[in-house]
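Chain residues, written in single-letter form:
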Amino acid sequence: MSANTPTSRDDLSPEAVFFQAFHGMGRLGPGSESSTLRAVEMVGRRDEPLRILDVGCGNGVQTLLLTEAWPRATVTAVDNYQPFLETLMQEATRRGCADRLTTVCSSMDALDFPDGSFDLIWSEGAIYNIGFERGIREWKRLLAPGGALACSEACWLVDAASPDVAAFWHAEYPQIAPVAVQLKQIEAAGYRRHDHFILPAADWHAYYDPLQTNITRMRAEYPAHSPARDVLDTLQHEINLFRAHETEYSYAFYAMWV
Ligand SMILES: C[S@@+](CC[C@H](N)C(=O)[O-])C[C@H]1O[C@@H](n2cnc3c(N)ncnc32)[C@H](O)[C@@H]1O
């Protein structure tokens, strides 16, 4: 039984409640088809049999777009939650590209591929799990000469965030930084050149709106002051914060070349 198909409300762990809140969603973080395709153009289309690694692929909405944007590519999709990989493989089979896709259930902090295995590493809304600075340094060895890493990462849009925004990020991901700092981290990691753009607020709403629908439904199903409600309250706080302060932070989509 997977975490998001419980037998009854009472036997759900906080982790299972968390996964249930995301049940039925495609993308699991801020992003959109248009931003993924804009990042594809930023990296540059090449009519070559690229070897692509998608780290923290989730349900693989962007994985499938990559597979279709580079029709001669082979794609390896990594996530540490097997049910997401199964959803991705089912969809790839339906869309006729499963023969070019391999899924690997593994942690992104122990990617077990030889040096130079990939021409392109992709990671949307996921590198924060290992930390941006660590991720771009550790994954660099996996790139073949001339290869690129493209990833989205939380960034400040203002010099001084509102106190409640600052407190949230300090607790959740203190590594969030201004773009200028992240560009210096990319250079310090030894990448030859880089490019970036900022995700529009619409990419966050496209993520939060279906999550809000799930949370609203689930709040009515769980008693107040229960561990499940604590999980839902935490997610609600995150949504409320963005809706009130969407000009203060976003994700930057970076491309960097070795
Ligand atoms: C915010 S979601 C983004 C998923 C997808 N890229 C998207 O944009 O829809 C982050 C993903 O990272 C995965 N993840 C979290 N920690 C991980 C780890 N240590 N190793 C591999 N994947 C991890 C989660 O299971 C989840 O699918």
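Here the structure is a predicted model, which is why all the values come from computation and not from measurement.

## A short note on the overall build of the protein
Stage number 1. Secondary structure summary: the protein contains nine helices and eight strands in total.
Stage number 2. Against the 2.2 N^0.38 benchmark of 18 Å for 258 residues, the protein shows a C-alpha radius of gyration of 19 Å, consistent with a compact globule.
Stage number 3. Seen along its three principal axes, the alpha-carbon backbone of the protein occupies a region of about 55 × 45 × 30 Å.
Stage number 4. The 258 residues of the protein split such that 37% are buried.
Stage number 5. Once local pairs closer than 6 in sequence are excluded, the contacts in the protein between residues at least 24 apart make up 75%.

## Some details on the site of the ligand
Stage number 1. Near the ligand you find 21 residues, and of these Gly29, Gly56, Gly58, Met108 and Asn129 are the closest.
Stage number 2. Counting residues per element, the ones that place at least two in the shell around the ligand are α3 (61-69) and β2 (74-79).
Stage number 3. Counted by class, the shell around the ligand contains eight nonpolar, nine polar and four charged residues.

## Observations regarding unusual backbone geometry
Stage number 1. Phi at His225 is positive, roughly 60 degrees, even though this residue is not glycine.
Stage number 2. Within the secondary structure layout, His225 lies in the loop between α8 (201-219) and α9 (227-244).
Stage number 3. Since 7 C-beta atoms lie within 10 Å of it, His225 is described here as exposed.

## A short note on the nonpolar core
Stage number 1. Counting residues in each nonpolar core, the largest one holds 54 residues, and the members touching the most others are Ile52, Leu120, Ile121, Leu149 and Ala150.
Stage number 2. It is strand β5 (residues 143-156) that provides the largest number of residues to this core, a total of eight residues.
Stage number 3. When neighbours within four sequence positions are excluded, Leu120 is seen to be in contact with Val43, Leu50, Ile52, Gly147, Ala148 and Ala150.
Stage number 4. Judged by nonpolar contacts, the second largest core, of eight residues, contains Leu12, Ala21, Ala228 and Leu235.

## Details of the domain arrangement of the protein
Stage number 1. Each assigned domain of the protein is listed with its residue range as follows: domain 1 (9-22 + 204-243) and domain 2 (33-203 + 250-257).
Stage number 2. A separation of 26 Å is found between the C-alpha centroids of domain 1 and domain 2.
Stage number 3. Between domain 1 and domain 2, the residue contacts involve five residues of the former and six residues of the latter.
Stage number 4. With four residues, α8 is the single largest residue contributor to the side of domain 1 that touches domain 2.
Stage number 5. Residue composition of the side of domain 1 that touches domain 2, grouped by class: four nonpolar, one polar and no charged.

## Details of the environment of Thr74
Stage number 1. Of note, Thr74 is situated in strand β2.
Stage number 2. Spatially, the C-alpha atom of Thr74 lies 28 Å from that of Phe22, the residues being 52 residues apart in sequence.
Stage number 3. Contacts of Thr74, omitting those with residues within four sequence positions, involve Arg51 and Arg100.

## Comments concerning the packing of α8 against α9
Stage number 1. Interaxial distance between α8 and α9 falls to 10 Å at its minimum, and their mutual angle equals 145 degrees. You can see that α8 and α9 cross each other, and the crossing is left-handed. Contacts between α8 and α9 pair Trp204, Tyr208, Leu211, Gln212, Ile215, Met218 and Arg219 from the former with Arg229, Leu232, Leu235, Gln236, Ile239 and Phe242 from the latter.

## Details of the pairing of β2
Stage number 1. With five of six residues buried, β2 is to be regarded as a mostly interior element.
Stage number 2. Across five bridges, strand β1 (residues 51-55) lies against β2 in parallel orientation. Within the sheet, the bridge partner assigned to Ile52 lies in β2 and is Val75.
Stage number 3. Note that β2 and strand β3 (residues 101-105) share five bridges and pair parallel. Bridged to Asp79 within β3 is Cys105.
Stage number 4. Between β2 and its parallel partner β3, the chain crosses via helix α4 (residues 82-95), and the hand of that crossover is right-handed.

## What to know about α4
Stage number 1. Its 14 residues place the ends of α4 20 Å apart at the C-alpha level, agreeing with the 20 Å of an ideal helix rising 1.5 Å per residue.
Stage number 2. For α4, every residue scored as buried is listed here: Phe84, Leu85, Leu88 and Ala92. In a view along the axis of α4, the buried residues occupy a sector of 95 degrees, so they form one face of it. The outward face of α4, more than 90 degrees from its buried face, is lined by the exposed residues Gln82, Thr93 and Arg94.
Stage number 3. On its buried side, α4 packs onto α3, β2 and β3.

Parameters at a glance
- Residues numbered from 1 in each chain as written.
- Predicted model: local features only at pLDDT ≥ 70, side-chain atom pairs only at ≥ 80, totals over all residues.
- Helix = DSSP H or I, 4+ residues; strand = E, 2+ residues; numbered from the N terminus.
- Rg over C-alpha atoms; globule rule 2.2 N^0.38 Å.
- Buried ≥ 20, exposed ≤ 12 C-beta atoms within 10 Å, placed from the backbone.
- Contact = placed C-beta atoms within 7 Å.
- Near = placed C-beta within 6 Å.
- Nonpolar A, V, L, I, M, F, W, Y, C, P; charged D, E, K, R; others polar.
- Core = buried A, V, L, I, M, F, W, Y, C linked by C-beta atoms within 7 Å.
- Domains from an automatic or database assignment.
- Axes fitted to C-alpha atoms, helices over the stretch in contact; angles between N-to-C directions.
- Left-handed = near helix turned anticlockwise from the far one by under 90°.
- Pairing = 2+ DSSP bridges.
- Right-handed = clockwise from strand over helix to strand, strands pointing away.
- Expected span 1.5 Å × (residues − 1).
- Arc of directions from axis to C-beta.

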